[in-house]
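Here's the letter readout for the chains.
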Amino acid sequence: MKKTLLLLLIMVGPLLWSAERTADWGPTGHRTIAEIAQKHLSKKARKKIDRLLSGQNLAFGAAYADEIKSDPRYRYINPWHYVNITPGEKYDDSTASSDGDLITAIEKCAEVLKDDEATKEDKVFYLKLLVHFVGDIHQPLHAGRAEDKGGNDIQLRWFNQGTNLHSVWDSKMIDFYKMSYTEIADSYQDVSRDAFKAISSGNSRDWAEESRQLAEEIYASAEIGEKLGYKYMYDNFDTVRQQLLKGGIRLAAVLNDIFG
Ligand code: ADE
Ligand code: ZN
Ligand code: ZN
């Protein structure tokens, strides 16, 4: 009896774990945003970042904040990957989570990177987190509803495989596109100086609000149990591409401001 129970736990345990764990733009989304940012860094910012990362590119560290989710020492960072804003309320007027959220996370990263007293080790850590979180704030469902964990609880089917709405937006569409992060980053038309300025105007609160509004449309566009596939891709992939571009440009602007 005991043996059967143990066997069952071994078999079902990983399933329970994967259901519990929520994720982000997959690595390709995060790396694409980092790569676009890399292309738009000022000379001064590029030099300082190169020195901090010992020549490694921004894309390399872009998924680090997800990798450390497996390490209990960093569990406190889990709530920093998203922000849930009540519709009709401004972020600043609503009660902020005491555990932190995307907005406070981005502020914390910028603060350490601007601090002359901070150690190199801390700067490298928070730089990788910043690259990741500016990415996350552009995944619309990372500014989704609290009650369904940004769509993580909305189960549906993607090309006949069981998944959830959040995951479709994190990675299922991007993975279906079958391009590497460098290929996606190279696939945009050049961004003019004026366009760069227009896209990078505002701050993380504005970018979260923009994502929240997109999230509302996304919630309205899919139902629990729905079968999504080619049509959903056709209707929504432009939005994914646009959010990746905006994320990359805004990340470059944030880094140019910090290191410029
Ligand atoms: N991932 C885990 N919880 C979340 C939430 N409440 N909103 C968005 N993404 C999440
Ligand atoms: Zn996610
Ligand atoms: Zn994340």
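What you are looking at is a predicted structure, and each value in this text was computed from that prediction instead of being measured.

Draft legend 1. Inspection of the overall build of the chain at higher detail. Scanning the chain from N- to C-terminus turns up 11 helices and three strands. Mapped from its N terminus to its C terminus, the chain presents α and β elements in the order α-α-α-α-α-α-β-β-α-α-α-α-β-α. Relative to the globule expectation of 18 Å for 260 residues, the C-alpha radius of gyration of the chain, 19 Å, shows essentially globular dimensions. Reported as C-alpha extents along the three principal axes, the dimensions of the chain are approximately 65 × 45 × 40 Å. In the chain, buried positions account for 49% of the 260 residues.

Draft legend 2. Quick look at the nonpolar core. Among the nonpolar cores identified, the biggest contains 77 residues, and Leu-129, Leu-165 and Tyr-232 are the most heavily contacted of them. The residues touching Leu-129, leaving out its near neighbours within four places in the chain, are Tyr-64, Ala-65, Ile-68, Ile-77, Trp-80 and Cys-109.

Draft legend 3. Summary view of helix H7 (residues 165-177). Under the 1.5 Å per step criterion, the end-to-end length of H7 is 17 Å for 13 residues, consistent within 8% with the ideal 18 Å. A maximum bend of about 40° is found in H7 at Ser-171. For H7, the complete set of buried residues consists of Leu-165, His-166, Ser-167, Val-168, Trp-169, Asp-170, Ser-171, Met-173 and Ile-174. On its buried side, H7 packs onto helix H2 (27-39), strand E1 (155-158), strand E2 (161-164), helix H8 (181-186), helix H10 (204-221) and helix H11 (230-259). Its side-chain oxygen 3.0 Å from the backbone nitrogen of His-166, Asn-164 forms the N-cap of H7. Taken from the residues just after H7, Lys-178 is the one with a positive phi, measuring 60°.

Draft legend 4. Fine view of the packing of aromatic side chains. Inspection of the entire model under this criterion finds 12 aromatic pairs. Note on Trp-158 and Phe-159: the rings are 5.0 Å apart at their centroids and 90° apart in plane angle, and the pair reads as edge-to-face. For Phe-159, a relative accessible area of 30% translates into the label partly exposed. Considering the side-chain rings of Phe-159 and Phe-176, the 4.5 Å spacing of their centres and the 15° angle between planes classify their relative orientation as stacked. Here Phe-159, found in the loop between E1 and E2, pairs with Phe-176, found in helix H7; they are 17 residues apart in sequence, far enough to count as distant. On the accessibility criterion, Phe-176 (32% relative accessible area) is partly exposed. Members of the aromatic cluster, joined through ring pairs, are Tyr-64, Tyr-74, Phe-125 and Tyr-126. Lying across the ring of Tyr-219, Arg-145 places its NZ or CZ 3.7 Å from the centre.

Draft legend 5. Spotlight on a nonpolar patch on the surface. On the surface, Phe-159, Phe-176 and Tyr-230 cluster together into a nonpolar patch covering about 310 Å² of accessible area. The residue Tyr-230 is located in helix H11 in this model. A relative accessible area of 62% places Tyr-230 in the exposed class.

Draft legend 6. Examining unusual backbone geometry more closely. The phi dihedral of Asn-160 is positive, around 70°, even though this residue is not glycine. Among the structural elements, Asn-160 can be located in the loop between E1 and E2. One non-glycine residue, Lys-178, lies in positive phi territory at about 60°. Following the sequence through the fold, Lys-178 ends up in the loop between H7 and H8. Overall, Lys-178 belongs to the exposed group, its relative accessible area being 72%.

Draft legend 7. Examining a negative patch on the surface more closely. Negative charge collects at one region of the surface, where Glu-111, Asp-115, Asp-116 and Glu-117 lie side by side. Mapped onto the elements of the fold, Asp-116 is located in the loop between helix H5 (102-114) and helix H6 (120-136). With relative accessibility at 73%, the residue Asp-116 sits in the exposed group.

Draft legend 8. Representation of the environment of Pro-140. Relative to the helices and strands, Pro-140 is located in the loop between H6 and E1. Between the C-alpha atoms of Pro-140 and Glu-209, which are 69 residues apart in sequence, the distance is 9.2 Å. Not counting residues up to four positions away in its chain, the partners in contact with Pro-140 are Trp-169, Ser-211, Leu-214, Ala-215, Ile-218 and Gln-243.

Draft legend 9. Structural context of H6. Its 17 residues place the ends of H6 24 Å apart at the C-alpha level, agreeing with the 24 Å of an ideal helix rising 1.5 Å per residue. In terms of burial, H6 is largely enclosed, as 13 of its 17 residues are buried.

Draft legend 10. Here's a closer look at the side chain of Ser-204. Position of Ser-204 relative to the elements: it lies in helix H10. Residue Ser-204 is classed as buried on the basis of its relative accessible area, which comes to 9%.

Calculation rules
- Residues numbered from 1 in each chain as written.
- Chains lettered and ligands numbered in written order.
- Predicted model: local features only at pLDDT ≥ 70, side-chain atom pairs only at ≥ 80, totals over all residues.
- Heavy atoms only, no water.
- Helix = DSSP H or I, 4+ residues; strand = E, 2+ residues; numbered from the N terminus.
- Rg over C-alpha atoms; globule rule 2.2 N^0.38 Å.
- Buried < 20%, exposed > 50% of the residue type's maximum accessible area, 1.4 Å probe, protein only.
- Core = buried A, V, L, I, M, F, W, Y, C linked by side-chain atoms within 4.5 Å.
- Contact = heavy atoms within 4.5 Å.
- Expected span 1.5 Å × (residues − 1).
- Bend = angle between axes of the 7 residues up to and from the residue.
- Polar contact = N/O pair within 3.5 Å; in protein donor to acceptor, adjacent residues only side chain to side chain.
- Phe/Tyr/Trp six-rings, centres within 6.5 Å; stacked < 30°, edge-to-face > 60°.
- Lys NZ or Arg CZ within 6 Å of the ring centre and 35° of its normal.
- Patch = residues over 30% accessible without salt bridge, like charges linked within 9 Å, V, L, I, M, F, W, Y side chains within 5 Å.
- Areas by Shrake-Rupley, 256 points an atom, 1.4 Å probe, with all protein chains shown as cover.
- Salt bridge = Lys/Arg side-chain N within 4 Å of Asp/Glu carboxyl O.
- Lys, Arg positive; Asp, Glu negative; His and termini not counted.
- Charge placed at Lys NZ, Arg CZ, Asp CG, Glu CD.

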